[in-house]
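Per-entry structural report
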Amino acid sequence: MSEVVKMIIEGKTYEFPVIEGSEGEKAFDITKLRQQTGYITMDPGFGNTGSCTSAITFMDGEKGILRYRGIPVEQLAEHSSFVETAYLLINGRLPNKQELTRTSVQLNDDSLIHEDMQIFYQNFPRRAHPMGILSAMINALRSFYPELEDTDPEGINRTFLRLLSKIRTMAAMSYRISRGHKVVYPRADYSYCANFLNMMFHSPVRPYELDPDIVEALNVFWILHADHEQNCSTAAVRVVGSGRVNLYAAISAGIAALWGPLHGGANQAVIEMLTNIHKSGADIEDVVRRAKDKDDPFRLMGFGHRVYKTYDPRARIMKKMCDTVLPKLKVEDPLLDIARRLEEVALTDPYFIDKNLYPNVDFYSGIVLRAMGIPTEMFTVMFAIGRLPGWISQWKEGADDPNWKISRPRQVYTGNIATDYVPINKR
Ligand code: ACO
C-alpha cells in the first residue's frame, strides 16, 4: 500500500496520500483536505507549500545543491553555453550538434524586432527603469507576433526561440535609447552573448572589441540564472499562466515580479549598498550591526535565501569569477574588497550564523556585471534575460499538463461580519 499521512482533526482521523520526488522529497497531498474536513492550511509566503510537481530543477537548500534536469549547475557553468542550457531546460535533454546549430540559426533569424516597436521605446520617460520597460515591451510583443494562438508544438517552439532571441535585442535597445544612442542591430556572425554585448556597446566612432573573457563571464552569469524552481517570479509566471493567458503576458508578469529588491532587484540593491558604504566610508561592523537591528529596516542585501540555508552554489561560482575575471580584465573594484570584508564579518557573527544567512547569487553578481561594463540600472534586466529559459520551461510544464489547474489560493477572512449598508446621509 502506498504511504499515507494520518491527521486527526476534531477527533476524526483522515488519511492523505504521500507524494515522493525522485530525490526523496516528500509531500502530503491535501487536494481533498477542505472537501473532507472543512479546513484549509495557512502558509503565508508558501514556505511549506508545494504548488506543483516538476522535473526541471532540483535544489537542496541544506546541502547547497542546484541541478538543471539532473545536471549540476557547476558542470553547466564550466562546460555548457547559455543557449545549450536553455535548450536543456526547455526540452528536458541536451541537444545534439545538429539541434544546437539549428537553435542558434533560429535565434539569429529571430533576433530583429518589428521596427514599429522602436516608437514605443522613444516615448518612455528618460528615467524609466529598464525593468518596467522590458515588462511592458514583452507584453507588447504579443500584438506583433500572435502565432502562439495556433497551439501546434512547432508554433510554440518557435515562440520560445523568438522570446529568447528578442529579449536580448529589446534589452540592449532600451539601454541605447535611454542613453540617446543609435540602436545597434544584431549580427548573424555573433554568438548569443557576443551579440548582446555588441548591441549594448558598439559605437560608430569606437567599434566594440569583443573580449572572450567578458563573453565567457556573461555566458556563465546567464547559465547560473537560468532557472531556480518555484521562486517568486517563476511562481508568478505559473500563476498568471494558469489562467491560460498567452506566454508573452505570463513572462511579462515574471519580469515584473523579478524587479523587486527582495528578489532579482537585489543585484542592483547590493551595488547601491556597497557604493554607499564606499562613499560614506562607513565602518563594516556598523553596517552589520544595522542589518541586525530589528528597529532598522536596513538588511544586508545579497544575504539570506528562502531555500538555501548554506552558501548559495551560484554565489560560490560568482565569487570565484570575481577572483579570476577582474584581474584578467585588469579591473580593480573597491566594492569587491568591501563585499569580501562584509562577508567575512557577517559569516562570523552569531546573528547570521544562527539564522543561516549566507551570500546569495546577487551578492557578487553585480561586481562581475560592473567589470563587464554593464550599468547598474541594467543589472536586473541581465537577470531577467538569464531567467527566461526557466520561465519558459516552467510555463511549458504547466501547459503540457492536462490537469493544469487555475491557481486560486484561499484565505481566512478576518474583516467585518455581515453589516448593513448605511445611506450616506445617516453616516
Ligand atoms: N539581513 C539581515 N537580516 C536578515 C536578512 C538580511 N539580508 N535576511 C533575513 N534576515 C533575517 C530576518 O530579519 C529574519 O529574522 P527574524 O527571524 O529574527 O525575524 C530571519 O533572518 C529570516 O528572514 P525572512 O525574511 O523571514 O526569510 P525569508 O525566507 O522570508 O526571506 C529573503 C528571504 C527575502 C531573501 C531575505 O533573506 C532578504 O530579504 N534578503 C535580502 C534581499 C536579497 O538578497 N534578496 C535576493 C534573494 S536571492 C534571489 O531572489 C535571486
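A quick note: this is a predicted structure, and the numbers were derived from the prediction, not measured. (Residues numbered from 1 in each chain as written. Predicted model: local features only at pLDDT ≥ 70, side-chain atom pairs only at ≥ 80, totals over all residues. Heavy atoms only, no water.)

Per the stated rule, a full pass over the model turns up 21 salt bridges. In this structure, glutamate 397 and arginine 238 form a salt bridge, with 2.7 Å as the shortest nitrogen-oxygen distance. With a gap of 159 residues between them, glutamate 397 in helix 18 (residues 379–400) and arginine 238 in helix 10 (residues 232–242) connect regions that are remote in the sequence. A residue is classified by how much of its surface remains accessible, and arginine 238, at 8% relative accessible area, is buried. Among the charged side chains, a network of salt bridges with common partners joins Glu285, Arg341 and Glu344. (Salt bridge = Lys/Arg side-chain N within 4 Å of Asp/Glu carboxyl O. Helix = DSSP H or I, 4+ residues; strand = E, 2+ residues; numbered from the N terminus. Buried < 20%, exposed > 50% of the residue type's maximum accessible area, 1.4 Å probe, protein only.)

Using the criterion set out here, one finds 13 aromatic pairs in the structure. Centre to centre, the rings of tyrosine 192 and tryptophan 222 are 5.7 Å apart; their planes meet at 75 degrees, and the pair counts as edge-to-face. A residue pair is termed long-range when its members are at least 10 positions apart, and tyrosine 192 in helix 8 (residues 192–201) and tryptophan 222 in helix 9 (residues 212–224) qualify at 30 residues. As far as the burial class goes, tyrosine 192 and tryptophan 222 line up, both buried. Ring geometry for phenylalanine 201 against tyrosine 208: centres 5.6 Å apart, planes inclined by 40 degrees, an arrangement best described as tilted. Given the relative accessible area of 19%, phenylalanine 201 is considered buried. On the basis of relative accessible area, tyrosine 208 is assigned to the buried category, the value being 18%. Chaining the aromatic ring pairs together yields one cluster made of Phe303, Tyr351, Phe352, Phe363 and Tyr364. Positioned above the aromatic ring of tyrosine 192 is the side chain of arginine 168, whose terminal nitrogen or guanidinium carbon lies 4.3 Å from the ring centre. Sitting over the face of the ring of tyrosine 190, arginine 187 holds its NZ or CZ atom 4.1 Å from the ring centroid. (Phe/Tyr/Trp six-rings, centres within 6.5 Å; stacked < 30°, edge-to-face > 60°. Lys NZ or Arg CZ within 6 Å of the ring centre and 35° of its normal.)

Right, let's talk about unusual backbone geometry for a bit. Located in the positive-phi region is phenylalanine 46, a residue other than glycine, with phi close to 55 degrees. You can see phenylalanine 46 is positioned in the loop between helix 1 (33–37) and strand 4 (57–60). With relative accessibility at 54%, the residue phenylalanine 46 sits in the exposed group. If you check the backbone angles, arginine 244 has positive phi at about 65 degrees while not being a glycine. Tracing the backbone through its elements, the reader meets arginine 244 in the loop between helix 10 and helix 11 (247–258).

A few words now on the domain arrangement of the chain. Split by domain assignment, the chain resolves into domain 1 (4–60) and domain 2 (82–401). The C-alpha-based centres of domain 1 and domain 2 are spaced at 33 Å. In this complex, domain 1 contributes 12 residues to the contact, which on the side of domain 2 involves 13 residues. Both faces combined, the contact of domain 1 with domain 2 buries some 940 Å², and carbon together with sulfur accounts for 61% of it. It is Ile56, Thr57 and Met59 that lose the most area in domain 1 upon contact with domain 2, and together they represent 62% of the buried surface on that side. Inspection of the region where domain 1 meets domain 2 yields 0 salt bridges. Remark: the boundary between domain 1 and domain 2 carries 4 residue pairs in polar contact (both at pLDDT 80 or more). Grouping the constituent residues of the side of domain 1 that touches domain 2 by class yields 5 nonpolar, 6 polar and 1 charged. (Domains from an automatic or database assignment. Contact = heavy atoms within 4.5 Å. Buried area = accessible area lost by both parts, 1.4 Å probe. Polar contact = N/O pair within 3.5 Å; in protein donor to acceptor, adjacent residues only side chain to side chain. Nonpolar A, V, L, I, M, F, W, Y, C, P; charged D, E, K, R; others polar.)

Here valine 18 is to be found in strand 2 (residues 12–20). For valine 18, a relative accessible area of 18% puts it in the buried group. For the pair valine 18 and aspartate 337, spaced 319 residues apart in the sequence, the C-alpha separation amounts to 48 Å.

Turning our attention to the environment of phenylalanine 298. With respect to the helices and strands, phenylalanine 298 occurs in the loop between helix 13 (284–292) and helix 14 (313–328). When the C-alpha positions of phenylalanine 298 and valine 287 are compared, they lie 8.9 Å apart, and in sequence the two are 11 residues distant. Discounting chain neighbours no more than four positions away, the residues touching phenylalanine 298 are Met273, Val287, Arg290 and Ala291.

Attention now goes to the sheet that holds strand 3 (residues 26–28). Here 3 strands make up an open sheet; going across it, the order is 1-2-3 and the pairing antiparallel. Of all the strands in the sheet, the pair left with one neighbour each is strand 1 (4–9) and strand 3. For this sheet, the mean angle separating the axes of adjacent strands, direction not counted, is 35 degrees. Across 6 bridges, strand 1 lies against strand 2 in antiparallel orientation. Bridging from a neighbouring strand, isoleucine 9 pairs with lysine 12 of strand 2. (Pairing = 2+ DSSP bridges. Axes fitted to C-alpha atoms, helices over the stretch in contact; angles between N-to-C directions.)

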